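One-letter residues, chain by chain:
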Number of protein chains: 2
Amino acid sequence: MRVAIPKERAPRENRIAAVPASVKTFIDWEWDVAVETGAGVAAGYPDGAFIDTGATIVPNAVTAHDADLVLRVGPPTHDEIALLHAGSVLCGFLDPFVATDLVDALAQQNVTAVAVEAIPRISVAQSMDALSSQQNVAGYAAVLLAADAAPKFLPMLVTAAGTIPPARALVLGVGVAGLQAIATFKRLGAVVHAYDIRPETKEQVESLGAKFVEAPTQAADEGGYATEVDADTAARQQEVLATFVADADVIVTTAQIPGRPAPQLITEEMITPMHPGSVIVDMAASTGGNVAGSRPDEIINVGGVAIYGPTDLPSRVATDASRMYARNLQEIANRMRTDAGITIDLDDDVIGPATITHEGSIVNPRTRSVMGLDEEGS
Amino acid sequence: MRVAIPKERAPRENRIAAVPASVKTFIDWEWDVAVETGAGVAAGYPDGAFIDTGATIVPNAVTAHDADLVLRVGPPTHDEIALLHAGSVLCGFLDPFVATDLVDALAQQNVTAVAVEAIPRISVAQSMDALSSQQNVAGYAAVLLAADAAPKFLPMLVTAAGTIPPARALVLGVGVAGLQAIATFKRLGAVVHAYDIRPETKEQVESLGAKFVEAPTQAADEGGYATEVDADTAARQQEVLATFVADADVIVTTAQIPGRPAPQLITEEMITPMHPGSVIVDMAASTGGNVAGSRPDEIINVGGVAIYGPTDLPSRVATDASRMYARNLQEIANRMRTDAGITIDLDDDVIGPATITHEGSIVNPRTRSVMGLDEEGS
């Protein structure tokens, strides 16, 4: 049984899918571990740290995809897919409901693709929930980015030259990222308001010492995710939010609706009354944006208000993001582990839903639906 | 009585020497206030905010130096000095013990130069202590910079995917900036160690919840400032500090010795064992550096350790740094204020020591000494 960890080659990606602690676990399982040279450097894990645990350093992408199990952070390119063995298992963020060309290629290559995005949010799978672990890191990084960019103190400051009041922070969207953003803003001493369309988030917001913005709420879907609102509700939502947006010094937005573009919560008209120097970090910039005018990986200045659209937030805290992600993958690997190495059980509550391709076929129902594979006549 | 506030033109300088609150006070004193157009924009104070208080917006540097009292952040250029009236008062950071060519030019222009660096640290002058207010901001900004740059979480994080231990922070030099750095690292949840050569800082460090590093200490001078150590003490200091430096994830250094280059506290040999991804912010980079290899306004990478040498830290928090600085200048102006406008009293405990040039002469003893003006035969 051989597991390999290639170097991530996507721009701004500093993470790695294994860290010395997870590699040590694989070695304890008597697996061979191959790490591509330099793969951990940007995350603070030099080759030597992996060698110390008993891993082999391999020289390039070819050798780092030559294994029974390949662990990645982001999706492979078509060239990288071509390096994977028939019958091998690939595990990582594979964007399986959007990047359907990659899914097709993985099926044709006869690779079993396990997408961490599709790990169900059930309690037995908590330790494998990479989406949560990385969103947690992202919420922290978004606040640090906002705090560093803001021309104001976040905490209150009492000095001989007068008192500086605490900054006013606003968090929109209270999932894992939003909760961590609230906690981090609170740590830094800001006065924090937060809002989410799902009514059950109010208690969570208040338990962190923040105030819940009383805009319209709407029940979540059975998965606990936000649902789309009608135009009338959106208008009432924006009306209430407008005051809080205008007063805020720092804003982090995290709202997502699965399978839909992110909801626009802050319109151009809501930005105009904000005071110059205010900072907005839109964590949904790559899926349409919660904020009018935000763009992925750009900083847009609207009348002195800086709107950031970072898509690399977990990667900015690469040491710990990798550590948490590597632990998620280790738990997933452990779930698949048998005496023979690893075995894919499509009936397993965790691995089944996360398996996208297997034995040359596209097996995930949602991916099949997105690709129109089960439609009549197809 | 007319006071003017020019736009700062130095690179990376976002601050302004007045804010609407201080301008309003001047207006209440029945002073005319002229603000150069755009002077407050980078700090988040647009022209309109000054107009609302009753100030006049003037179009350029010429009109913004045409006043009885000119308030600045950084030192003027020779061209700007030429714009000042004979008999007018200039107040700001003037670098009066180093930039002696400017001091000469100010004396020749018959300008009274009041340097905020030379305001004595006595209790009656606390509200005028611009060095302290800006160092306070700088200490905060240094930690935000370090935290944003670090690839690690500062707080401890307990998640389903394991526990991330808190980051280890080290603060060297515990003056105003160091104390604020400790407080900010503590807010962010880091484990903080701190050290200063002056023994009385131990209690201050501990009162903030940080641990004092038990390296050699040495009594401060009568002004409360650190004094230079001999080679033997420096060696023992570095020996103790080496362990803490090697273990640290984030380091902020703030050590200064008045009138001397900053002491080198972290040598190249001490950086080598640090783990890759560690971040050092050297706040003394422009005065020689506390850290081997640091350079002003650059980021140096030494074996994966990033060494920052920012010289613009207060300017990064320009809204509040300006607010505090403007309040310092307002208190200084109030100290000089008489029925006639302002009067320089060289016998005043605060204004006397801070006055560098007056009625065509260089009057500050320390500046005179640096310039060799009182030496026999000169």
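What you see is a predicted model; the values in this text were computed from it and never measured. (Residues numbered from 1 in each chain as written. Chains lettered and ligands numbered in written order. Predicted model: local features only at pLDDT ≥ 70, side-chain atom pairs only at ≥ 80, totals over all residues. Heavy atoms only, no water.)

Novice: Teacher, can you tell me more about the overall build of chain A here?
Specialist: The number of helices and strands found in chain A is 13 helices and 19 strands. Against the globule reference of 21 Å for 378 residues, chain A gives a C-alpha radius of gyration of 22 Å, in line with a compact fold. Its C-alpha atoms give chain A principal-axis dimensions of roughly 65 × 60 × 35 Å. Among the 378 residues that make up chain A, the fraction classed as buried is 56%. In chain A, the proportion of contacts linking residues at least 24 apart, taken out of those at least 6 apart, comes to 63%. (Helix = DSSP H or I, 4+ residues; strand = E, 2+ residues; numbered from the N terminus. Rg over C-alpha atoms; globule rule 2.2 N^0.38 Å. Buried < 20%, exposed > 50% of the residue type's maximum accessible area, 1.4 Å probe, protein only. Contact = heavy atoms within 4.5 Å.)

Novice: Honestly, the nonpolar core in this entry has me stumped. Any pointers?
Specialist: The nonpolar side chains of soluble globular proteins are, as a tendency, buried together. Ranked by size, the top nonpolar core spans 126 residues in total, and within it A:Phe185, A:Ile266, A:Val281, B:Phe185, B:Ile266 and B:Val281 carry the most contacts. Apart from the residues within four sequence positions on either side, A:Val281 is in contact with A:Ala142, A:Leu145, A:Ala146, A:Ile251, A:Val252, A:Thr253, A:Tyr308 and A:Pro310. (Core = buried A, V, L, I, M, F, W, Y, C linked by side-chain atoms within 4.5 Å.)

Novice: Which parts of the structure should I look at to understand the relation of the copies chain A and chain B?
Specialist: A rotation about an axis combined with a shift along that same axis relates the two copies of the chain. For these two chains of identical sequence, chain A goes onto chain B by a turn of 180° and a shift of 0.0 Å along the axis, with RMSD 0.0 Å. Such a combination of turn and shift is consistent with a two-fold rotation axis. Nearest to the rotation axis, the C-alpha of A:Arg187 is located 2.8 Å from it, this being the minimum over chain A. Counting the interface residues of chain A, we find that 100% of their copies in chain B are interface residues as well, pointing to one common contact surface. (Least-squares fit on C-alpha atoms with pLDDT ≥ 70 in both.)

Novice: Looking at this structure, I do not really get helix α6 (residues 130-149) of chain B. What am I missing?
Specialist: An α-helical segment advances 3.6 residues per turn. Residues three or four places apart therefore align on the same side. All names here are of chain B. With 20 residues, α6 extends 28 Å between its outermost C-alpha atoms, agreeing within 8% with the 28 Å of an ideal straight helix rising 1.5 Å per residue. Where burial is concerned, most of α6 is hidden: 17 out of the 20 residues are buried. For α6, the N-terminal capping position is held by Asp-129, with its side-chain oxygen 3.4 Å away from the main-chain nitrogen of Leu-131. (Expected span 1.5 Å × (residues − 1). Polar contact = N/O pair within 3.5 Å; in protein donor to acceptor, adjacent residues only side chain to side chain.)

Novice: Is there a simple way to explain the interface of chain A and chain B in this structure?
Specialist: Where interface size is quoted, it is often the accessible area lost as the parts come together. Opposite the 40 residues of chain A that make contact, chain B presents 40 residues. Inspection of the chain A/chain B interface yields 2 salt bridges. A salt bridge links B:Lys152 to A:Asp320; its shortest N-O distance comes to 3.5 Å. Put simply, chain A and chain B have 10 residue pairs in polar contact (both at pLDDT 80 or more) between them. Put simply, the parts of the chain that give the side of chain A that touches chain B at least two residues each are α5 (130-149), β7 (157-159), β8 (162-164), α6 (176-187) and α11 (318-336) of chain A. Among the residues forming the side of chain A that touches chain B, the class breakdown is 22 nonpolar, 11 polar and 7 charged. (Salt bridge = Lys/Arg side-chain N within 4 Å of Asp/Glu carboxyl O. Nonpolar A, V, L, I, M, F, W, Y, C, P; charged D, E, K, R; others polar.)

Novice: What is the right way to look at the domain arrangement of chain A in this model?
Specialist: Residue and element names in this part refer to chain A. Considered domain by domain, chain A is made up of domain 1 (2-128 + 318-370) and domain 2 (137-312). Tallying the contact residues gives 5 residues for domain 1 and 6 residues for domain 2. In this assembly, domain 1 packs against domain 2 so that about 460 Å² is buried in total across both faces, 56% of it on carbon and sulfur atoms. For the side of domain 1 that touches domain 2, a count of residues per class yields 2 nonpolar, no polar and 3 charged. (Domains from an automatic or database assignment. Buried area = accessible area lost by both parts, 1.4 Å probe.)

Novice: Can you help me understand the sheet that holds strand β12 (residues 250-253) of chain A in this one?
Specialist: Pairing between the strands of a sheet is mediated by backbone hydrogen bonds and can be parallel or antiparallel. All names here are of chain A. Taken in spatial order, the 7 strands make up an open sheet running β11-β10-β9-β12-β13-β15-β14, and their pairing is mixed. Looking at which strands have only one partner, the edges of the open sheet turn out to be β11 (211-212) and β14 (299-302). One ladder, built from 3 bridges, connects strand β13 (residues 279-282) with strand β15 (residues 305-308); its direction is parallel. The residue bridging Ile-280 from the neighbouring strand is Ile-307, located in β15. Set on the sheet, α6 makes contact with β9 (168-172), β10 (191-195) and β12; between it and β9 the angle comes to about 170°. (Pairing = 2+ DSSP bridges. Axes fitted to C-alpha atoms, helices over the stretch in contact; angles between N-to-C directions.)

Novice: What am I meant to see in unusual backbone geometry here?
Specialist: Even without being a glycine, A:Arg12 presents a positive backbone phi close to 65°. Within the element layout of this structure, A:Arg12 appears in the loop between β1 (2-5) and α1 (20-28). One non-glycine residue, B:Asp95, lies in the positive phi region at around 50°. Locating B:Asp95 in the fold gives a position in the loop between β5 (89-92) and α5 (100-108).

Novice: Honestly, the sheet that holds strand β12 (residues 250-253) of chain B in this entry has me stumped. Any pointers?
Specialist: Residues and elements named next belong to chain B. Across the sheet, which stays open at both edges, the 7 strands sit in the order β11-β10-β9-β12-β13-β15-β14 with mixed pairing between neighbours. Either end of the sheet is taken by a strand with one partner, and the two such strands are β11 (211-212) and β14 (299-302). Across 5 bridges, the pairing between strand β9 (residues 168-172) and strand β10 (residues 191-195) is parallel. Residue Ala-169 lies in a different strand from β10, and its bridge partner there is Val-192.

Novice: Teacher, can you tell me more about the pattern of salt bridges here?
Specialist: A side chain of one charge can pair with a side chain of the opposite charge if their charged atoms are brought near each other. Scanning all chains against the criterion turns up 32 salt bridges over all chains. Notably, a salt bridge pairs B:Arg335 with B:Asp348, separated by 3.1 Å at the nearest N-O pair. One end of the pair, B:Arg335, is in helix α12 (residues 318-336); the other, B:Asp348, is in the loop between β17 (341-342) and α13 (351-354), and 13 residues separate them in sequence. Assessed through its relative accessible area of 16%, B:Asp348 is described here as buried. Sharing partners across several salt bridges, the network here consists of A:Glu8, A:Arg72 and A:Glu80.

Novice: Just to check I follow, could you spell out the environment of A:Val174 for this structure?
Specialist: Tracing the backbone shows A:Val174 in the loop between β9 and α6. In contact with A:Val174, other than residues within four places in its own chain, are A:Leu179, A:Ile182, A:Ala194, A:Tyr195, A:Asp196, A:Arg198, A:Thr201, A:Gln204, A:Val205 and A:Thr254.

Novice: Looking at this structure, how should I read the side chain of A:Glu8?
Specialist: Residues and elements named next belong to chain A. Positionally, Glu-8 belongs in the loop between β1 and α1. Residue classification places Glu-8 among the buried positions, given a relative accessible area of 8%. Within the local environment of Glu-8, its side chain forms a polar contact with the side chain of Arg-72, the two groups lying 3.4 Å apart.

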